[in-house]
Structures are given as structure tokens and as C-alpha cells.
Amino acid sequence: MRPVPEILLVDDNPADAGLTCEVLATSERSSHISKVVDGEEALQFLHRMGKHSEAVRPDLLILDLNLPRKDGRAVLAEVKADPELNEIPVVIFTTSHSGRDIARCYELGANCFVSKPGNLADFFSAVRSIESFWIGHASLPD
């Protein structure tokens, strides 16, 4: 992994995206966070298309499920079906607590499923846990 890990955050909720970025930015581990707001833009970023032609391949993808234009399930399926992208760990970070969503995401190749907590302290803790494990402890492909 690069000295400063690249994280792509895909979330259409400005409050959730802002809080997630705030937690990641204040971590003791440095990372670079790119943020997009829908599934189509996520795929453009990952494929370095259009305004994202200079995008750096992320080391970690944090993906919401309920996105406009193309939902997170479709993005996950495309990422995991693409031999150039399928090694990128994908953490689903969503408001869903549905057993069906959890099972489907793992079937599609999600590396982790985390439901967004309803209160601020637990939300921050969940983001810190994602960052701690995936950036601090897990060995990721180069």
C-alpha cells in the first residue's frame, strides 16, 4: 500500500459524507479521501473517465447502498466483476440493517458490511473502526 492510503467515499448524504470525512481526516493515520455522490460517478472515478481521468486508484472503497443514478449494489457488482478493480476492498457503510441487503452484498463480494448507527458518537466509532481495521491493520494489495 502507498504511504498515504487512498480512500474513495461514495455517499450521497452530505451530512454522513461530511462526518465520515471529518473522522478520517482527524485520524492519527494519514489518508487521502476522495468523495463522490452517486454510483455512476463512482464508476467514472474508478475507471478514470471524464473529470476523473487523473484519479488515483483507491486502496479502499467505502460505499453507501442507497445512491442516485446507480445504487451501491450495482456498483459493488461491477467493481467485483472487473479484474482491474476486484482486489479493492469494499466496505458497505449504509443505513440499511436488512438481512437481505447484508446477504446480497456479501454474495456480490463485499469485504465488510457496517450499518450506520443512529447517534453521532456511535457513527464516529463505526468510522474509526473501519479506518483502524482497513488502514491500520489489514494488509491490502498494492
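Everything that follows concerns the structure shown earlier in this document.
Reference entry: report on the structure contained in this document. (Residues numbered from 1 in each chain as written. Predicted model: local features only at pLDDT ≥ 70, side-chain atom pairs only at ≥ 80, totals over all residues. Heavy atoms only, no water.)

Looking now at unusual backbone geometry. Within the chain, Arg48 stands out as a residue other than glycine whose phi angle is a positive 55 degrees. Checked against the element boundaries, Arg48 lands in the loop between helix 2 (39-46) and strand 3 (60-63). (Helix = DSSP H or I, 4+ residues; strand = E, 2+ residues; numbered from the N terminus.)

The strand order across the open sheet built from 5 strands is 2-1-3-4-5, with neighbouring strands paired in parallel fashion. The sheet is open, and its two edges are formed by strand 2 (32-36) and strand 5 (112-115), each paired on a single side. Sheet twist, expressed as the average angle between the axes of neighbouring strands with direction ignored, equals 20 degrees. Where strand 4 (residues 90-94) and strand 5 come together, 4 bridges link them in parallel fashion. Bridging from a neighbouring strand, Val91 pairs with Cys112 of strand 5. Along the sheet, helix 1 (residues 14-25) makes contact with strand 1 (6-10), strand 2, strand 3 and strand 4, crossing strand 2 at roughly 175 degrees. The strands that helix 4 (residues 99-108) touches are strand 4 and strand 5; relative to strand 5, the one it contacts most, it runs at about 155 degrees. (Pairing = 2+ DSSP bridges. Axes fitted to C-alpha atoms, helices over the stretch in contact; angles between N-to-C directions. Contact = heavy atoms within 4.5 Å.)

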